[in-house]
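# Chains, contacts and geometry: an overview
The chain contents come next:
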Amino acid sequence: MSDAGMMRKLLLGPGRLVVVTLAVLSAGGMGAQTVETAKGSEAPAVSAAPSAAPGGAAVGDPQPGQALTTANTELPPDRRRLPGEDSYYVIEPGDTVTVSFRFTPEFNDEVVVGPDGRAQLKSVGDVKLEGMTLPEVQRLVVRESAAKLVNPEVTVSLKDFSRPQFVVAGEVQLPGHFELRRPTTVLQAILLAGGPKEDGAMGHVVLFRKLNAEDAEVHVLALGKYDAKDRAKNDLLLKADDMILVTHDRISKIDRIVKLINLGVYLNPIGNNGLF
């Protein structure tokens, strides 16, 4: 083989596969490309071997100190999200996601995201969807299914979602969980629960608001007789996962911050029908 390069052709006969191998030498290293085509094919399939990196390692090979990783199905959402997608809906446990393949419907899926944030897809397998947007899921499915499908066309949509809820417990007619469909105040929530019982202490309603996975903030609200000017600080707008407790008398002492695991101390004895 000369310094300029070498060309080798192998002809297997009319209508048969033609393989052309090109090899080029240069001072920096060697790269090779194989082109395969057959009679009647629309376009050749091209596979490129990585060129050499300094020190003899191929580009794309793990470098010293670099871990070899598989498909990134577990990357945090901020490492997958594209500009402009920050305002997109983020998938949560309980959401129903549909995955549709245009040309291979046997890979279509409709899955409910589990409490652990994961789902089992025919095209990808077990994957964590919690925290991802729909475009992120679409890109993930396309990338992972490309190993067995040619140019997959995938549509991902949200069929149903886990609606935010709040809880009303204690001395109300219908204690339970309620969907937070629209802006709702604490007093409106109590009325949705059938209103207070006769011995409900509306002047001492307790609102528990989650701060994180362990703690809740406590608000004691006077929702009995109060002036309109005090309405804003007493009749708060609800947030998802708020818990309202209507007691039959005043709680003598309660901390400003309580542990979620200890909420049963306040909720279980007070007519909540086993909600917690």
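It should be emphasised that the depicted structure is a prediction, and the values quoted were computed from it without experimental measurement. (Residues numbered from 1 in each chain as written. Predicted model: local features only at pLDDT ≥ 70, side-chain atom pairs only at ≥ 80, totals over all residues. Heavy atoms only, no water.)

### Overview of the layout of surface pockets
For clarity, the threshold we go by: Grid spacing is 1 Å over the protein atoms alone, the probe is 1.4 Å, and a cavity is where that probe fits but cannot get out, while a pocket is an open set with protein on both sides within 12 Å along at least five of seven lines and lining residues have an atom within 4 Å of a point. Grid points are joined across faces, edges and corners, and a volume is the space filled by probe spheres set on the points. Labels follow the DSSP assignment, with helices taken as runs of H or I lasting at least four residues and strands as runs of E lasting at least two, numbered in each case from the N terminus. In the scheme used here, Gly and all other residues not listed as nonpolar or charged are polar, with Ala, Val, Leu, Ile, Met, Phe, Trp, Tyr, Cys and Pro taken as nonpolar and Asp, Glu, Lys and Arg as charged.
The calculated volume of the largest pocket comes to roughly 180 Å³. Lining of the largest pocket is provided by twelve residues; of these, Gln-165, Val-167, His-177, Asp-241 and Met-243 occupy positions nearest its centre. By residue number, the principal contributor to the lining of the largest pocket is strand β10 (residues 165–170), which donates three residues. Split into classes, the residues belonging to the lining of the largest pocket amount to six nonpolar, two polar and four charged.

### Considering the sheet that holds strand β14 (residues 243–246)
Formally: Between any two strands, at least two bridges found by DSSP are needed for them to pair. As a rule, the C-alpha atoms of each element are fitted with a line to give its axis, helices using only the stretch in contact, and angles between N-to-C directions run from 0 to 180 degrees.
Pairing within the open sheet is mixed, and its six strands lie in the order β11-β10-β14-β12-β13-β15. Strand pairing shows two members of the sheet lacking a second neighbour, β11 (176–179) and β15 (257–259), which therefore form its edges. Adjacent strand axes in the sheet meet at a mean angle of 30 degrees when their direction is disregarded. When strand β12 (residues 205–210) meets strand β13 (residues 215–221), the two strands line up antiparallel, connected through six bridges. Among the inter-strand pairings, Val-205 is bridged to a residue of β13, identified as Leu-221.

### Some words on the nonpolar core
Keep this limit in mind: What we call a nonpolar core is a set of buried Ala, Val, Leu, Ile, Met, Phe, Trp, Tyr and Cys residues that are connected through their side-chain atoms within 4.5 Å. Burial here depends on accessible area, computed with a 1.4 Å probe over protein chains only, as a share of the maximum for the residue type. Under 20% is buried, over 50% is exposed, and the range in between is partly exposed. We call two residues contacting when some pair of their heavy atoms lies within 4.5 Å.
Val-97, Val-99, Phe-101, Leu-121, Leu-129, Val-137 and Val-141 are the most contacted members of the largest nonpolar core, which totals 19 residues. Those residues in contact with Val-97 that lie beyond four places of it in its chain are Ile-91, Asp-109, Glu-110, Val-111, Val-113, Val-156, Ser-157 and Leu-158. Counting 18 residues, the second-largest nonpolar core is a separate cluster that includes Val-172, Val-205, Leu-223 and Ile-244.

### Looking at the packing of aromatic side chains
So the rule is basically this: Centres within 6.5 Å make a pair out of two Phe, Tyr or Trp rings, where for Trp the six-membered ring is used; the pair is then stacked when the planes are under 30 degrees apart, edge-to-face when over 60, and tilted otherwise. Distance and angle both matter: a charge sits over a ring if NZ of Lys or CZ of Arg is within 6 Å of the ring centre and within 35 degrees of the ring normal.
Enumeration over the complete set of coordinates arrives at three aromatic pairs. Ring plane angle 20 degrees and centroid distance 5.6 Å describe the contact between Phe-166 and Phe-178, whose orientation is recorded as stacked. Highlighted residues: Phe-166 in strand β10 and Phe-178 in strand β11, separated in sequence by twelve residues. Summarising the burial analysis for this pair, Phe-166 and Phe-178 share the class buried. When the ring centre of Phe-161 is taken as origin, the NZ or CZ atom of Arg-163, which lies over that ring, is 4.8 Å away.

### What to know about the environment of Val-167
Tracing the chain through its elements places Val-167 in strand β10. For Val-167, a relative accessible area of 6% puts it in the buried group.

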